[in-house]
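So the chains spell out like this:
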Amino acid sequence: MPEPKIKPRLPKGMRDFLPQEMLKREHVFSVVREVFHLYGFEPLQTPVLELTETLMGKYGEDAEKLIFNAQHPGGKEELSLRYDLTVPLARVVGQYQNEITLPFKRYQLSPVWRAERPQRGRYREFYQCDADIVGIKDMSADAEILGVIVTALKRLGFLQFNVKINNRKLLTGMGQFSGVPDSQLGDLYRSVDKFDKIGADGVKGELLTRGIDNEAIGRMMDLIQSRQEGLENLDYLQSVMGDIPAAAEGIRELRELAGHLSAAYISMENYEFDFTMVRGLGYYTGPIFETVITEPNLGSVTGGGRYDNLIGLFRKDSLPTTGTSLGIERIIDLMSELNLYPAHLGGTVVQLLVTVFGDETRIESTKLAAELRAQGVRTELYMEDKNLGKQFQHADKKGIPLVAILGTDEIYQGVVKLKRLKDGEEVSVERGAAAETIQTLLEQPI
RNA sequence: GUGGCUAUAGUUCAGCGGCAGAACGCCUGUUUGUGGAGCAGGAUGUCAUGGGUUCAAAUCCCAUUAGCCACCCCA
């Protein structure tokens, strides 16, 4: 035995994606990209590294501890791996004011890095998939974002999901109305956000522990638990705290949003106003969104909202911005769990294996492969010198659906024999008609 | 960052003081122009690393490392 080599392993929380898995990932990516294009969003790519100063001060103290530094010996710039795609977007908008036409509708599908302790479904390197609209104050932009979310999830095959909508202004108003001091609003939100997990009593208990006044808690709980059908929910809140300016503005925004959604044929089956949904990030200023798959109950797959002030950090005047992030990693996991990948994805991109009998027929096999490739058939040409059985085994193991057999008999007759492995269907066709027959064999069930 | 669990073949795991095992996968053959299934055979391990206890350690103890899970936070 040779000397021990380097033990192959990965950095903590990072993954390789082998071909079979990549096919699934790329299927999800391409469906999502298609939907973005459908709504007129255009691609953006930014570097993996940003200047550290670009990232600092945007995510809050706790989150900043999770930013990866990327120094090299003798490096003069302070560099960090990007933590999300939103801050790079804000940087780009601030940096290319002459080149960017507003409204700027961009999407970005790229990895981000967080030095978190890895766990199931949580990695240190993962893809984010963001779509944002920069430059529109009006709720029509938020409605477009919700349209993208609903369309993408439907196209991926999710049947039962629910986009929860809330509004930061409304939450602020609720806090003020209930009499929770501004300094405790953060604690309040954090607890309220756990409503789904720990229930009303759990939230109450946590708020008490955090030292929030019992009476204020009571009023708050009443407001957030208002779960009437659709717009009636808003009517109720309006009647209770319409006098609080922040609340009134939040309610107005949500009404406007509902109007746009209805006009865009987005069914109320797919969204609801949920005043217990908060979202962690500090920079949200208006409507916020989060999508949960309801059947089965599998947690949230998108998150986002309006952040009208963030871009102001990179520009003299800020620009109103709203957007969403599809939790693409979780979506990919759920697609497997729910069996939503189309069967034709298989385990390989190869549609047909051209076999080789021996040295004397290899030239003809090579020619056949070239002919088929020229006609768009994804073809693998067998490259070793092994018997037919081995070649079939190879096709079978890789999940290649068709095998082309080209022996001396076939070459003499100017034909090629095609075999479909799934059911053993075998036909002989003229070389010139092979590509067409291959398509038929691939499409026909049997 | 806090707490818990685990580490044995390529993979999933059994073995829990006395010769290193199973299943799956892999390789070979079942006679050379046909895969999956069957049958027959075969290869594969510093039992994570370092120390300790013992006549004897994969097994018990300690440390280290790595992985997993929960919390915090988040996608």
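Owing to the predicted nature of the structure, the values given are computational and were not obtained by experimental measurement.

### Overview of the sheet that holds strand β15 (residues 426-430)
Then step 1. If you trace the five strands from one edge of the open sheet to the other, you get β12-β11-β13-β14-β15, paired in mixed fashion. Both edges of this open sheet fall to β12 (379-381) and β15, since each of them pairs with a single strand only. For this sheet, the mean inter-axis angle between neighbouring strands, taken without regard to orientation, is 25 degrees.
Then step 2. Summarising the sheet, strand β11 (residues 352-354) and β12 pair through three bridges and their orientation is parallel. Within β12, the residue paired with Val354 across the bridge is Leu381.
Then step 3. On top of the sheet, helix α16 (residues 434-443) reaches β11, β13 (402-405), β14 (415-420) and β15; it is set at about 10 degrees to β14, its chief contact.

### Description of the protein's contact with RNA strand B
Then step 1. Taken together, 34 residues surround RNA strand B, and among them Arg117, Arg120, Arg122, Tyr123 and Leu421 come closest.
Then step 2. Near-protein atoms of RNA strand B (within 4 Å) split between backbone and bases, with sugar and phosphate holding 40%.
Then step 3. Here a phosphate oxygen of RNA strand B sits 2.8 Å away from a polar atom, N or O, in the side chain of Lys12.
Then step 4. Asp409 places a side-chain nitrogen or oxygen 2.9 Å from a base oxygen of RNA strand B.
Then step 5. Breaking the surface near RNA strand B down by element, the ones donating at least two residues are α14 (388-398), α15 (408-413) and β14.
Then step 6. Its residues assigned to classes, the surface near RNA strand B shows seven nonpolar, eight polar and 19 charged.

### Quick look at the domain arrangement of chain A
Then step 1. One can read the domain layout of chain A as domain 1 (11-158 + 294-346), domain 2 (161-270) and domain 3 (348-443).
Then step 2. Placing a centre on the C-alpha atoms of domain 2 and another on those of domain 3 gives a separation of 63 Å.

### Re the packing of aromatic side chains
Then step 1. Scanning the model with the defined rule gives seven aromatic pairs in all.
Then step 2. An angle of 35 degrees between the planes, with centres 5.4 Å apart, marks the rings of Phe29 and Tyr127 as tilted. Residue Phe29 is located in helix α1 (residues 19-38), and its partner Tyr127 is located in strand β5 (residues 125-134); the two are separated by 98 residues in the primary sequence.
Then step 3. With a relative accessible area of 8%, Phe29 lands in the buried category.
Then step 4. In this structure Tyr127 comes out as partly exposed when scored by relative accessible area, which is 26%.
Then step 5. Joined through ring pairs, the aromatic side chains of Phe36, Phe41 and Tyr107 make up one cluster.
Then step 6. Positioned above the aromatic ring of Phe41 is the side chain of Lys105, whose terminal nitrogen or guanidinium carbon lies 5.0 Å from the ring centre.

### Quick notes on the pattern of salt bridges
Then step 1. Taken as a whole and assessed by the stated rule, the structure comprises 24 salt bridges.
Then step 2. Put simply, Glu116 and Arg122 hold a salt bridge, and the shortest N to O gap is 2.3 Å.
Then step 3. Take Arg122: its relative accessible area is 36%, and that puts it in the partly exposed class.
Then step 4. Glu364 is the partner of Lys367 in a salt bridge, and the nearest nitrogen-oxygen pair spans 3.8 Å. Taken as a pair, Lys367 and Glu364 lie in helix α13 (residues 359-374) at a separation of three residues, close to a single helical turn.
Then step 5. Since its relative accessible area comes to 43%, Lys367 is described here as partly exposed.
Then step 6. Through salt bridges with shared partners, a single ionic network connects Glu364, Lys367, Glu371 and Arg431.

### Digging into unusual backbone geometry
Then step 1. Backbone torsion omega between Leu102 and Pro103 reads -5 degrees, so that peptide bond is classified as cis.
Then step 2. With respect to the element layout, Pro103 can be found in the loop between α4 (86-95) and β4 (104-113).
Then step 3. One non-glycine residue, Asn339, adopts positive backbone phi at about 60 degrees.
Then step 4. Counting through the fold element by element, Asn339 comes out in the loop between α12 (328-337) and β11.
Then step 5. For Asn339, a relative accessible area of 65% puts it in the exposed group.

Here is what the cut-offs are and how they apply
- Residues numbered from 1 in each chain as written.
- Chains lettered and ligands numbered in written order.
- Predicted model: local features only at pLDDT ≥ 70, side-chain atom pairs only at ≥ 80, totals over all residues.
- Heavy atoms only, no water.
- Pairing = 2+ DSSP bridges.
- Helix = DSSP H or I, 4+ residues; strand = E, 2+ residues; numbered from the N terminus.
- Axes fitted to C-alpha atoms, helices over the stretch in contact; angles between N-to-C directions.
- Contact = heavy atoms within 4.5 Å.
- Near = heavy atom within 4 Å.
- Polar contact = N/O pair within 3.5 Å; in protein donor to acceptor, adjacent residues only side chain to side chain.
- Nonpolar A, V, L, I, M, F, W, Y, C, P; charged D, E, K, R; others polar.
- Domains from an automatic or database assignment.
- Phe/Tyr/Trp six-rings, centres within 6.5 Å; stacked < 30°, edge-to-face > 60°.
- Buried < 20%, exposed > 50% of the residue type's maximum accessible area, 1.4 Å probe, protein only.
- Lys NZ or Arg CZ within 6 Å of the ring centre and 35° of its normal.
- Salt bridge = Lys/Arg side-chain N within 4 Å of Asp/Glu carboxyl O.

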